[in-house]
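Structural overview for review
What follows is the residue order along each chain.
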Amino acid sequence: GLLDQMGDALTPPDGIDAQQQYQLRALLSLVPEGEGDKARKLAVREKKVCEKLRNNIDNIAVKIADCILQLCEDHASGAAIVEGVDGKFGEADFELSYAGLSDFHNGLEGIIGPPSVHFMQAMEEEHTREHKLNKEFTTSSYGITTTPKTEWLFVAGSQRQVQSHLKSIGGEWPAETRGLKDESHRRKYEPLETYVEEAKKLNEKLKAMKELELIEAEVAGARLYTGPMNVKYNGVLRNPPADGVLYVTTLHSVNSCIVKSSKLTKATKVYRGVVGGKLPPSFLKPNE
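Reference entry: report on the structure contained in this document. A quick note: this is a predicted structure, and the numbers were derived from the prediction, not measured. (Residues numbered from 1 in each chain as written. Predicted model: local features only at pLDDT ≥ 70, side-chain atom pairs only at ≥ 80, totals over all residues. Heavy atoms only, no water.)

Along the backbone of the protein chain there are 13 helices and four strands. Taking all 288 residues of the protein chain together, the buried fraction comes to 28%. In the protein chain, once contacts between residues fewer than 6 apart in sequence are set aside, the share between residues at least 24 apart is 67%. Total accessible area computed for the protein chain in this model is approximately 19,800 Å², and 55% of it derives from carbon and sulfur atoms. (Helix = DSSP H or I, 4+ residues; strand = E, 2+ residues; numbered from the N terminus. Buried < 20%, exposed > 50% of the residue type's maximum accessible area, 1.4 Å probe, protein only. Contact = heavy atoms within 4.5 Å. Areas by Shrake-Rupley, 256 points an atom, 1.4 Å probe, with all protein chains shown as cover.)

Within the largest apolar cluster, 28 residues are counted, with the highest numbers of intra-cluster contacts made by L224, Y247 and L251. Listing elements by their share of this core, those giving two or more residues are α6 (101-112), α8 (148-156), α9 (159-168), α10 (192-208), α11 (216-225), α12 (230-238) and α13 (248-261). A total of five residues in this core trace back to one element, the largest contributor, which is α8. Apart from residues lying up to four places away in sequence, L224 is in contact with M123, H127, E151, W152, V155, M229, N230, Y233 and T250. (Core = buried A, V, L, I, M, F, W, Y, C linked by side-chain atoms within 4.5 Å.)

Enumeration according to the criterion identifies five aromatic pairs in this entry. When the ring of Y233 is compared with that of Y247, the centres are 5.4 Å apart and the planes differ by 70°; the resulting orientation is edge-to-face. Separated by 14 residues along the polypeptide, Y233 in helix α12 and Y247 in the loop between α12 and α13 bring together distant segments of the chain. A relative accessible area of 1% places Y247 in the buried class. Above the ring of F154, the side-chain terminus of R187 is found at 4.2 Å from the ring centroid. (Phe/Tyr/Trp six-rings, centres within 6.5 Å; stacked < 30°, edge-to-face > 60°. Lys NZ or Arg CZ within 6 Å of the ring centre and 35° of its normal.)

Taken as a whole and assessed by the stated rule, the structure comprises eight salt bridges. Among the ionic pairs, K135 bridges to E130, the shortest N-O distance being 3.8 Å. Its salt-bridge partner being K201, residue E198 comes within 3.3 Å of it at the nearest N-O pair. Of this pair, E198 and K201 are both found in helix α10, three residues apart, which corresponds to roughly one turn of the helix. Judged by its relative accessible area of 42%, E198 is partly exposed. Sharing partners across several salt bridges, the network here consists of E176, E183 and R186. (Salt bridge = Lys/Arg side-chain N within 4 Å of Asp/Glu carboxyl O.)

Let's shift gears to the layout of surface pockets. Here the largest pocket defines a volume of roughly 1,300 Å³. Lining the largest pocket are 25 residues, and of these S97, A99, I111, L237 and R238 lie nearest its centre. Of all elements in the fold, only β1 (94-95), α6, α12 and α13 reach the threshold of two or more residues within the lining of the largest pocket. Size it by volume and the second largest pocket reaches roughly 480 Å³. Together, 27 residues line the second largest pocket, and A222, R223, L224, T226 and G227 are the ones closest to its centre. (1 Å grid on protein atoms, 1.4 Å probe; cavity = no way out; pocket = protein on both sides within 12 Å on 5 of 7 lines; lining within 4 Å. Points joined across faces, edges and corners; volume = space filled by probe spheres on them.)

Looking at α12, one finds that the buried residues are K232, Y233, N234 and V236. Looking at the buried residues of α12, the elements they touch are α7 (119-128), β2 (137-138), α8, α11 and α13.

The next thing to look at is helix α3 (residues 38-55). In this model, α3 (18 residues) spans 26 Å end to end at C-alpha, consistent with the 26 Å of a helix rising 1.5 Å per residue. Listing the buried residues of α3 in full gives V44, R45 and V49. Down the axis of α3, the buried set is contained in an arc of 135°. They therefore lie on one face. Residues of α3 that are exposed and point more than 90 degrees away from the buried face comprise A39, E46, K47 and R54. (Expected span 1.5 Å × (residues − 1). Arc of directions from axis to C-beta.)

A word on the environment of M123. Relative to the assigned elements, M123 resides in helix α7. Considered as a pair, M123 and L246 are 123 residues apart in the sequence and their alpha carbons are 9.7 Å apart. Setting aside its immediate chain neighbours within four residues, M123 contacts W152, A217, A220, G221, L224, T249, T250 and S253.

A few words now on a nonpolar patch on the surface. Nonpolar side chains collect at one region of the surface, where Y98, F283 and L284 lie side by side and expose about 280 Å² of accessible area between them. With respect to the helices, strands and loops of the structure, Y98 is situated in the loop between β1 and α6. (Patch = residues over 30% accessible without salt bridge, like charges linked within 9 Å, V, L, I, M, F, W, Y side chains within 5 Å.)

Our focus in this paragraph is unusual backbone geometry. Not every positive phi belongs to a glycine, and K210 is a case in point at roughly 60°. Position of K210 relative to the elements: it lies in the loop between α10 and α11. Despite not being glycine, Y247 has its phi angle at roughly 70°, a positive value.

Geometry only, nothing functional implied.
Shown next, in the form of structure tokens:
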């Protein structure tokens, strides 16, 4: 490619090839050992590198033109772009799915249905009632073994509920067993009121922007999602159970919190790594 062409320009004619070790050796040899101090050496090296590149500018220009033409061809062919992207991630074990426009317009409600209007009551019931999903589980990230009921009480339980439940599980909340940098990163119990109070600061900013303010259920949902329950929530969204979706109101609360608080978030790049997954053609091919 272009870098190889530039490497060729810097490599002496008698070089064995243009591999990196020869390019680096050639670059270092441009300035003899006794050629002044560090600043002087850098100046001389810069001058000689520029001279060598100028002498090969025609070849480099042709290579740049070839790269641009190839990019234009790739852009015109969606398949070519997808193949190029997949190649960067190595051999794929499976193909990722990518929803269509109808899924986007239907939103969360199109996947799991509408929430209850009795937010906190419904969220508590979703985590504490008998259901095959409301069983003990262990997270893969920090090795926390817990239950949905325990996590609900950890986040939103009343003082009486917390005391009673702690007694029933041995007096301590489920804790991380791996993955912690140090003890200061271990999760700590705080009553929901503490986070609701903190949310008031965000609400002042949202109010000034004439945006909707955060409510208690959204704060609770966000706190739940940042803990072990994200395993359950993501599982429901990726593969909704046939016998009815659990955590409906909770998921709507989490989503609503993200949408509202996003008004206070600065736009930035987000990188998401996927191990063994291949991007589907629909990810890069424009639709109608």
